[in-house]
Amino acid sequence: MQRIGVFVCWCGTNIAGTVDVEAVSEALKNEPGVVFSTNYQYMCSQAGQDMIINACKEHKLTGFVVCSCSPRMHEATFRKTAQAAGINPYMIEIANIREQCSWIHKDMKEGTEKAIILGKAAIAKVNLNSSLTPGESPVTKRALVIGGGIAGIQTALDIADAGFKVDIVETKPTIGGKMAQLDKTFPTLDCAACILTPKMVEVAQHENIRIFSYSEVEEVKGFVGNFDVKIKKKARYVKEDICTGCGLCTEKCPMKNVPNEFNLGMDNRRAIYIPFAQAVPKVATIDPNACNMLKNGKCGVCAKVCAAGAIDYTQKDEIIEEKYGAIVAATGFNPISMDKFDEYAYNQSKDVITSLEFERLTNAAGPSAGKLLRPSDGKHPHKIVFVQCVGSRCDSCAHKGKEYCSKICCMYTAKHAMLTRDKYPDTEVYVFYIDVRTPGKNFDEFYRRAVEEYGVHYIKGMVGKIMPEGDKLIVQASDLIDNKQIKIDADLVVLAAAIEPDKSARPLATMLTASMDTNDFFTEAHPKLKPVESPTAGVFLSGACQGPKDIPETVSQAGAAAAKVIGLLAKDKLVGNPCVAHSDEMMCNGCSMCANVCPYGAITYEDKEFRMPDRTTRIRRVAVVNEAVCQGCGACTVTCPSGAMDLKGFMNKQIIAEVDAICK
């Protein structure tokens, strides 16, 4: 029989406000195996932990139960306390009487009864617990960063500067991400390229960084410290090690009318192209969907003019296999499609554009060389309307927009309005908004400058409809301050489209077995204590893949993710989780169902010889668990039809004992 101690935490008034902690500790005194029970105001404090250690030694405890907050918060804390008291760390249980009890009950009697029940269940489990010993596994000293935007770049640089090897995988032909498409950044109005380009060059020249551009992650297997990754390097039809980036091929290619995705289709590029002047790597890429040579074998102009001989029409996709100790997701964001927002006439008029398209229009490297010209006729617009929250905070239109605030729109719209008025003082600028949200450092001052110094007309109200009439756009909207309907004859309308995770995020999360929320943003392990860590060990989050962020916040998170990766890669060995699956060979029927559901590939099958009751032998196929790979998710245990698979620390008999304790 175990000798169990029970320690009930007040958690200030978090628990004690709706649970009678004295009654709970008193009631749990009489449970089987319990030899000591008490309560204290803050069990996680040093004084509370010392109380546990002293009680363990005085009462010769073999295990204990802490009735407190979620095990996600302090299970590791109390396991260290058990170890300090000479008890196996896996001989303790946490009864969550805060989140699962006191926070959801207002009546003290009801809350107290439930807390006692949860305590009894935890005690029943400890009575059946056994000492577990974690295994060890080596750490591969290389990191993978998926995404080459500013988040991925900063993360990679910080890890590489610490002396570890890093690979960046970017789906586009160049790194740089969305920041490469921007003209200025708020609130300082620095040139985006002037900030980003030196970092891109530093990445390309860093001895510890490899760039896999025009590539994508195909497969991820393994576990923290030992990930096996397959990277598909798509054929550029240009030899990267030979191409000098001179651009002669891009000038001579006869296929001129391919929509330029870097400028969001507002101008055209050639079939062979370099996305922008500062591209890294500065290597040409042939678009196989537009190249005549690749489609029908006729042309070959780029190969004829290439002095370096870098063109290779026979190039094939390449699969690269590499091992990594840690993976960072930095897949970024995209503006949502405007196709569903017919009321704004986005698909009816070229002069209704998104904010990112406006960025390209005003960029010196953009389709109009930095001159603000209407896409329809190339004339300078004299009246511009900016519409905020298009698809953001969309409670009533969730089928076509997003319920969350996209966070950056208010600031970049103020930037656009300010720069427009500064460069073109003859232009009238109107901004329709629901609320102006400026929570960052110097953000509100920046917005006030747009209103007070530059005379931007901010109107609180929603735009109901935009109607093209001739060369004008009739903007019909409400002014909630003056309580009236207004119409504006605009020359150009700019929509602040909501942002959403990149489309690659969902399939990547499946490969990484990482968690996502309902909007396809990656979910952090804990919003306060582990904001850059995924619930999947060894997978970290950087930038807007986790939620909408501006550039300063993205860079901050990138540095935080890098610090976590460095802390992981600095270790030679990792202590594993001993709560892993185990197969009872005598019950296993070799059906393979457990192996099919295992997301980590931890289960294989072997043919073993068994002695039968009649003294004969028989060869049977049975499941074998690789404990170094198993992450203890439990998927196999619920799938196994014969009940042969069980999970150490969460055995079927332990769970049944908990259920029995609750039902008594």
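Structural notes on the sheet that holds strand β12 (residues 226-233)
Read across the sheet, 3 strands follow the order β11-β12-β17 without closing on themselves; strand pairing throughout is antiparallel. Looking at which strands have only one partner, the edges of the open sheet turn out to be β11 (215-223) and β17 (318-324). The average undirected angle you get between the axes of adjacent strands in this sheet is 20°. Looking at chain direction, β12 and β17 are connected through 7 bridges and run antiparallel. Bridging across to β17, Lys-233 finds its partner in Glu-318.

Some words on helix α13 (residues 409-423)
For α13, with 15 residues, the first-to-last C-alpha span of 21 Å sits near the 21 Å given by 1.5 Å per residue. Counting buried residues along α13, 11 of its 15 residues qualify, which places the element largely inside the surrounding structure. The set of residues buried in α13 consists of Cys-409, Cys-410, Met-411, Tyr-412, Thr-413, Ala-414, Lys-415, His-416, Ala-417, Met-418 and Thr-420.

Observations regarding the pairing of strand β3 (residues 63-68)
For β3, the tally of buried residues reaches 6 of 6 residues, placing the bulk of the element in the interior. Both faces of β3 are covered, namely the face carrying Gly-63, Val-65 and Cys-67 and the face carrying Phe-64, Val-66 and Ser-68. Here 5 bridges tie strand β1 (residues 4-9) to β3, and the two strands are oriented parallel to one another. By the bridge assignment, Val-8 is partnered in β3 with Cys-67. Direction of pairing for β3 relative to strand β4 (residues 92-96): parallel, over a ladder of 5 bridges. Its bridge partner lying in β4, Phe-64 is registered against Ile-92. The parallel pair β3 and β4 is bridged by helix α4 (residues 71-84), and the resulting crossover is right-handed.

How each quantity is defined
Residues numbered from 1 in each chain as written. Predicted model: local features only at pLDDT ≥ 70, side-chain atom pairs only at ≥ 80, totals over all residues. Heavy atoms only, no water. Pairing = 2+ DSSP bridges. Helix = DSSP H or I, 4+ residues; strand = E, 2+ residues; numbered from the N terminus. Axes fitted to C-alpha atoms, helices over the stretch in contact; angles between N-to-C directions. Expected span 1.5 Å × (residues − 1). Buried < 20%, exposed > 50% of the residue type's maximum accessible area, 1.4 Å probe, protein only. Right-handed = clockwise from strand over helix to strand, strands pointing away.

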